[in-house]
Each structure stands twice: as structure tokens, then as C-alpha cells.
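Chain by chain, the residues run as shown.
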Amino acid sequence: MSYKVSWSPDGKKLASGYVDNTIKLWDFAISKQLLNINEQSDFSNIITWSPNGKTLASTSGDKTIKLWDFASNKEIVNFKGHSKSINSISWSPDGKTLASGSVDSTMKLWDTVNKKQISDTKGYIGIYKFAWSPDGKTLAGSGDYTIKLWDIATSKQIANFKGPSALINSITWSPDGKILALESTDKYNAIELWDIATRKQIVSFKGYSNGKNKFAGTKPTVTWSPDGKTLASKSSGNIINLWDIVNDKNITDINGHTGVINSVVWSPDGKTLASGSSDSTIKLWDIATSKQIANFTGQSGRINSVVWSPDGKTLASGSSDSTIKLWDIATSKQIANFTGHSAMINSVVWSPDGKTLASGSGDSTIKLWDIATSKQIANLKGHSGMINSVVWSPDGKTLASSANDFTIKLWDITTSKQIIDIKDHSGSVHSIIWSPDGKILASFGNFFAKSYEDTIKLWNVKTGKQTVNFKGHTFQINSVAWSPDGKILASGSSDFTIKLWDIATSKQIANFTGLSSIITSVAWSPDGKTLASGSNDKTIKLWHIEALFKRLNTTIEEAEAMYHLTLKGTNLVPITNELTNLYGTEITPPKWPESHPFHWLESAENGDSEAMVRLGLIYDRDNENKKALEWYKKSVDLGNEYGKERLKFLTEWLKKNPAKIIDNR
């Protein structure tokens, strides 16, 4: 089997080391092996290309480092000096120096031009991670919980940072060489940034998830944007997390409440944010300045629900003291008090025309209130448990409700009659929300009878049937919000994360981590550019979505240019899948995401036999054998010799491995 693989800098070739003590070079453009080096005395445990892609460095169990020239298929030099196995090797940016770290507690520098050792630093726990500064003047390395910096000119240690409280898995320099990012996989999944000039830690990002290491079984990566202003980290499940480094432009914190924030909601004009808290207050915040501009008091219980009137002039709040109050925004005065429920108010919502208010309570009833007269005009009964959420359809003709009785009910407002009863949840239905076009209802569960749901369900409003099930949170979901255009769903959870879901593809497209508390509420700004979140840590955060995706798209475009791929709408990093004997020996080739567009499909369908073989190879690589056979046969019918070779090989291999026959059509 393949032991180690390494892509060339241009992404066109792959070098692989094998337990048979050979190194092979593969050209994936033509899917063929180019070279085979069999002069190793032991298997290669590390393989890495020089920056110019002309030389390969390898280490093996014989404690040596060898440099190979692939143009001539010859060994250039064999560096000897380490007395124990070598953990890490790394080329300097100019390719003239190679650093190596070993279990023998030494770090050595090798001159690759003059083919000699130039430095030997002793006394360190085996170095297994290296990172050169962009200018090549400084080397960072780790073998324990510390990061050491060496000055290359003098070969002297110049700094020693005590990093995260776990082994460091990744060391990455910012493009300007002023900041070092350290990543570890302790239970907090820490990413720490250190200022090189002051030798001090400047920030620590932590992606805690329910006390579990979400990086378990994965290889996290940390990458800087070219301008050095954004750090991207990859966690489990092919999710990319973005961190604003310079001044938190994409994340704004608002502080002021003394209790847990239960509800955040934007004013219709997007200029003001209202928040309701367990401290029994409702606060208004100016978005431009992040300053508090009003504080409403008067309810004696925690504020569970806050909602703006459609014209933005009035605010309604529901409290655990069983009351609903209306507040005039211009004067900051209470203007109405609705009483009639016999238990806490969990949800209040305005009708689209602003004339009616609906409320859901722990008394299992839904009441409708006439705003002009402050009188109750309807009392909807049918739930057998606490009402958790009520919401109007965009056209104002239907009201939806969810409760602890595991059901969602739809009510005709004209007749006050129940018209649909959805009973497919396995626990308490915590909240529901209509899509902007009124065609879909999103729902999610919460704790009830020691059970919870960590999924979001989408329902067809006309049929009452479930259409989509979003699963990805690791603990209960507390809030969900549609983007104004209805294309994205945001969710906040007790797993300390906020996730974004693409409605068209039913895929998770973003994951905001680094939060220190349970997310209790999420809300989109009217223009869809910003997401607000409230949490148990008593803070409100503003996430500038447009800026985050603009930076992510820039990263994707750079990757496309570098690797000649089309990645938009797909996973940024190809999934790896071990595939036996595809090219006559065992390797671990890339397996493209299912949504990856096959570049040869159109040509193959138009009769190009070479494109047919290439398309067959992609399916073959993905282990979709029946599709591969189909395209190989088509190429053979047109006289393609390589297609004939591939068809014969795959047919014989499948006879020996019938269990491997896969058809994903």
C-alpha cells in the first residue's frame, strides 16, 4: 500500500512512497506512472517537493534524507547525521536549505546546493512540525507544547512560545511574517495567534463543541488569506471556518444585558436591533455605533419573545409573567398591556398588515389580539402541550404553531379552524418559521422528556409533507432564521455554533465557531447582509455574511486557478478514498466530490473517444465501476487502444473482486 504521497507545487504530479522501498511519480493529467525509484534502503515516511518542483526530498527508516532529481531519475545526495528516526523535513522558500527534526532531539539544517550539513541544534524534544517565515530568515518548529524560533543566519534559537495545552498540529506564518498561527486539537480546538515582534499571544480562537473534539479523526488545516487579514481553518465534515484577524470587521460584539439573551430581532429598516433577556429588559441597539439607545422595563419575568410591528413604530414583547406589552419606539413608553393567558408567553408575532398580534403560551392556547382596541378576538385550542412558537404566513391568511405535544398545526385565520396537523417530530417542536415565499415551513425540536432533536425539518405547506432534513449540529438547535431572499437558512445551537444551509442544494455552506456559549437566537438583517446572534454569554454578535462569502469566494477562485479545477458549489478539498489496483498497484488517489463537473462529459457525449477514456477514469477513480465500464466500452467501439487496456484491466479486476461492483446511478 501507499505510505506517503505529496503533490508537486504545480498540482500536476503526485509522488508516492511505498512499503516496497520505492518512490513513484504519477502524472494525473494522463493517469500514468512516469518514474519509479527503487534505490531506497527502507520505505519513505516523509516525501516533500522543493519549491521549484524539480527535486524531491525523502526520509526513510534508515535515518537518512535523500534528494532525488526526477529529470534524471537519480539520487542527488544522501544526508546522514540523525541517530534516530526523522519526524519532519521542510524546504526553505528559496529551496536552498532543508530543515529536519528527529526523535534524537536535534534540529539540523542542510545546504541543498553545496550538499552539506550547516547547522546542528541539540537538546529539544523531537521536532515534528516546521514552518519557514515568508522571507526564509526564520524557522519555527515544535515537538511539544512549545514553538521555537531559530534565526537561520546564526542558527541560534531566538524565541520560545508556550502554545496551546496540547500537541501543536499546525504552524502557519501570516504572509507578512509578523504573526504565527498555531493550531492544536485539544478539547477546545484552539487556534492561537502570536506576535513575532513582541513574542506575545494576541488572540485565541476556540471552537468548543459540546465538550468533544470535533477534529477527532481528521487533519485540521489552517490557511491565511493572501492579504493576511483572514484565517481559514478546516474542521470535520469539510467545513471551512473564517476568522477576521485585523479588527473583527466581520464580527461585532454588543454587550449590555445582565442575563441570558433569549430573542434578537431587526427593525424593518435594518438600523436598529431589539433584544429581550432573562434580566426582564428589552434593549434597542443602534447598528451603526453598536450603542444602546433604549431600555424598556416593566415586565417582571424573563423576556421570551420580542417582535417589531411591520411599520417599525411599535415593539411587542412576551414574558414569563404571562403578559404581552406593546412599546412605542418614538417615546420609549409602554402603550398597551395584554393579559389573558394563564402561563408564560413563549412567542408573539404580528400579522403582516400590523393589525393583529398572535401569542402562544404555556397554557396550550393561541390568542389573537386586535391592536386598535387591545382586545382578544380569538382563542385557538387544539394543542395538548405548551405552545413554543407561533408564526404568520407571509400572506396573513394562515397561522402556524408548534408545541411540546410533538406537533405542528396550521390554522385558517378567517375561520379560526385547524387545517393541517403535522405529527412527524420525535420530540417537542421548539420553533417554526415560514419561508419568505410562504411555500415552506422550517421546524426544529428541543428538550422534552429527556430527549432532543438536532435536525431542522422543511415542510411543504400545502401537503404537510417533509421535504428536507438538515442534520449537522451536535446538540439541540435553539433558533432558525430564513435569509430575506429565502435562499439560506441560519441556525444557532447549544453546540456553540451557527450554521448556514443552502436551500437549493440542501447542503451546509458555512459554520461559525469560536463561540464561547450556547446560541439562543439568530436573526437576519432586512438586506440579508448581516446575521445577528444572541447567546447565553449575554452578548449579541453581528456577522457580516456578505464580506465572509466574498473572502471565501476569493479563496475558491485562487484554488481554481492553481489546480485548474471548478470548485464553486463543491467541497473545497477533494475527498480521499483508498482504491486498490487502479493503476496496477495500490495508491490513494483523489476522489472528486459528487457535485464536481466532469470536464470531459460534453466531449465524450459528442463522440471523442479520448474524452470517453478520461471520463471512465474519473468514474473508475471514484470506484463507480459500472459507469467506468460503460465509457470504456464506448471508447473501445471507436477503436481507442488505451480504453481497450482499461476495459480489460477493470473487467478482470471485478471478476476477482465482485463485492467492489458499485453503481451510484
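The model shown is predicted, which means the values in this text are computed figures rather than measured ones. (Residues numbered from 1 in each chain as written. Predicted model: local features only at pLDDT ≥ 70, side-chain atom pairs only at ≥ 80, totals over all residues. Heavy atoms only, no water.)

What follows is about the overall build of the protein chain. What the protein chain contains, in helices and strands, is five helices and 53 strands. When the 665 residues of the protein chain are sorted by exposure, 54% land in the buried category. In the protein chain, of all internal contacts separated by at least 6 residues, the share reaching a separation of at least 24 is 41%. Carbon and sulfur atoms form 49% of the exposed surface of the protein chain, whose accessible area is close to 29,100 Å². (Helix = DSSP H or I, 4+ residues; strand = E, 2+ residues; numbered from the N terminus. Buried < 20%, exposed > 50% of the residue type's maximum accessible area, 1.4 Å probe, protein only. Contact = heavy atoms within 4.5 Å. Areas by Shrake-Rupley, 256 points an atom, 1.4 Å probe, with all protein chains shown as cover.)

In this structure, Ala604, Trp631, Tyr632 and Leu650 are the most contacted members of the largest nonpolar core, which totals 16 residues. Elements represented by at least two residues in this core include exactly helix H3 (609–621), helix H4 (625–637) and helix H5 (641–656). Among all residues touching Leu650, those that are not within four sequence positions of it are Asp620, Asn625, Ala628, Leu629 and Tyr632. Formed by 14 residues, the second largest nonpolar core is a distinct cluster that contains Ile498, Ile519, Trp543 and Ile545. (Core = buried A, V, L, I, M, F, W, Y, C linked by side-chain atoms within 4.5 Å.)

All chains considered together, the criterion is met by four aromatic pairs. Between Phe79 and Trp110, the aromatic rings sit 4.7 Å apart at their centres with planes inclined by 20 degrees, giving stacked as the arrangement. Here Trp110 lies in strand E11 (residues 106–111) and Phe79 lies in strand E8 (residues 74–79), a separation of 31 residues in the sequence. For the residue pair Phe79 and Trp110, the accessibility class agrees, reading buried in each case. An angle of 5 degrees between the planes, with centres 5.1 Å apart, marks the rings of Phe296 and Trp327 as stacked. On the criterion of sequence distance, the pair formed by Phe296 in strand E28 (residues 291–296) and Trp327 in strand E31 (residues 324–328) is long-range, its members being 31 residues apart. Trp327 carries the same exposure label as Phe296, and that label is buried. Positioned above the aromatic ring of Trp631 is the side chain of Lys634, whose terminal nitrogen or guanidinium carbon lies 4.2 Å from the ring centre. (Phe/Tyr/Trp six-rings, centres within 6.5 Å; stacked < 30°, edge-to-face > 60°. Lys NZ or Arg CZ within 6 Å of the ring centre and 35° of its normal.)

Overall, antiparallel pairing links the four strands, which are arranged E9-E10-E11-E12 in an open sheet. Edge strands, defined here as strands with exactly one partner in the open sheet, are strand E9 (86–91) and strand E12 (116–122). Averaged over all adjacent pairs, the angle separating strand axes in this sheet is 20 degrees, with direction ignored. (Pairing = 2+ DSSP bridges. Axes fitted to C-alpha atoms, helices over the stretch in contact; angles between N-to-C directions.)

A few words now on the side chain of Asp495. Tracing the sequence through the fold places Asp495 in the loop between strand E46 (488–493) and strand E47 (498–502). Among the polar contacts made by the side chain of Asp495, one reaches the side chain of His473 at a distance of 3.0 Å. Engagement of the side chain of Asp495 in a polar contact is seen with the backbone nitrogen of Thr474, the distance being 2.9 Å. (Polar contact = N/O pair within 3.5 Å; in protein donor to acceptor, adjacent residues only side chain to side chain.)

Turning our eyes to something else, we now look at H5. Because each turn of an α-helix spans 3.6 residues, side chains separated by three or four positions end up pointing in the same direction. For H5, with 16 residues, the first-to-last C-alpha span of 23 Å sits near the 22 Å given by 1.5 Å per residue. Within the span of H5, buried status applies to Tyr642, Gly643, Arg646, Leu647, Leu650, Trp653 and Leu654. Each buried residue of H5 lies within a common arc of 140 degrees when the element is viewed along its axis, so the set occupies one face. Exposed residues lying more than 90 degrees from the buried face of H5 are Glu641, Lys648, Lys655 and Lys656. The opening residue of H5 is Asn640, an N-cap whose side-chain oxygen sits 3.1 Å from the backbone nitrogen of Tyr642. (Expected span 1.5 Å × (residues − 1). Arc of directions from axis to C-beta.)

Alignment of strand E41 (residues 429–434) against strand E42 (residues 440–445), held across five bridges, turns out to be antiparallel. Counterpart to Ile432 in the pairing with E42 is Ser443.

So, on to the environment of His257. Mapped onto the elements, His257 comes out in the loop between strand E24 (251–255) and strand E25 (261–266). Overall, His257 belongs to the buried group, its relative accessible area being 6%. A C-alpha to C-alpha distance of 8.0 Å links His257 and Thr281, two positions 24 residues apart in sequence. Residues within four places of His257 in sequence aside, it is in contact with Ser275, Ser277, Asp279, Thr281, Lys283, Trp285 and Lys538. Within the local environment of His257, its side chain forms a polar contact with the side chain of Asp279, the two groups lying 3.0 Å apart.

What the four strands build is an open sheet, ordered E41-E42-E43-E44; its pairing is antiparallel. Both edges of this open sheet fall to E41 and strand E44 (466–471), since each of them pairs with a single strand only. On average, each strand axis in the sheet is tilted by 20 degrees relative to the strand beside it, whichever way the strands run.

Mapped onto the elements, Val390 comes out in strand E37 (residues 387–392). Judged by its relative accessible area of 4%, Val390 falls in the buried class. On a C-alpha basis, the gap between Val390 and Ser347 in space is 6.0 Å, while along the polypeptide they are 43 residues apart. In this view, Val390 contacts Ser347, Val349, Ala358, Ser359, Gly360, Ile366, Ala400 and Ser401; residues no more than four positions away in its chain are not counted.

Moving on, we come to the pairing of strand E38 (residues 398–403). Judged by how many residues are buried, E38 sits mostly within the fold: six of six residues are covered. Because side chains alternate across E38, one face comprises the buried residues Thr398, Ala400 and Ser402, and the other comprises Leu399, Ser401 and Ala403, equally buried. Direction of pairing for E37 relative to E38: antiparallel, over a ladder of five bridges. If you follow Ser389 over to E38, its bridge partner there is Ser402.

When pLDDT is averaged along the protein chain, the result is 77, and 73% of the positions lie at 70 or above. A low-confidence stretch, residues 234–240 stays under pLDDT 50, and its non-local contacts, those more than four residues away or across chains, total 22 contacts. Counted against residues more than four places away or in other chains, residues 447–451, with its pLDDT under 50, gives nine contacts. (pLDDT = per-residue confidence, 0-100.)

On to the side chain of Asp111, then. Mapping Asp111 onto the fold places it in strand E11. This buried residue, Asp111, is left without a salt bridge; Lys116 holds the nearest opposite charge, at 5.6 Å. Beyond its immediate sequence surroundings of up to four residues, Asp111 is in contact with Phe79, Lys96, Lys116 and Ile118. (Lys, Arg positive; Asp, Glu negative; His and termini not counted. Salt bridge = Lys/Arg side-chain N within 4 Å of Asp/Glu carboxyl O.)

What follows deals with the packing of H4 against H5. Look at H4 against H5: their axes get within 8 Å of each other, and the N-to-C directions meet at 145 degrees. Note that H4 runs across H5; the crossing there is left-handed. Touching Asn625, Ala628, Leu629, Tyr632, Lys633, Ser635 and Val636 of H4 are Gly643, Lys644, Arg646, Leu647, Leu650, Thr651, Trp653 and Leu654, all from H5. For the contact of H4 with H5, a count of residues per class yields eight nonpolar, four polar and three charged. (Left-handed = near helix turned anticlockwise from the far one by under 90°. Nonpolar A, V, L, I, M, F, W, Y, C, P; charged D, E, K, R; others polar.)

Here we come to the pattern of salt bridges. For the coordinates displayed, the defined rule picks out seven salt bridges. Between Glu75 and Lys66 there is a salt bridge, with its nearest N and O atoms 3.7 Å apart. The partly exposed category is assigned to Glu75, whose relative accessible area is 31%. We classify Lys66 as buried; its relative accessible area is 6%. The partner of Asp120 in a salt bridge is Lys108, and the shortest N-O contact between them spans 3.0 Å. Here Asp120 is found in strand E12, whereas its partner Lys108 is found in strand E11, with twelve residues between them in sequence. Taking the relative accessible area as the measure of exposure, Lys108 reaches 4% and is therefore buried.

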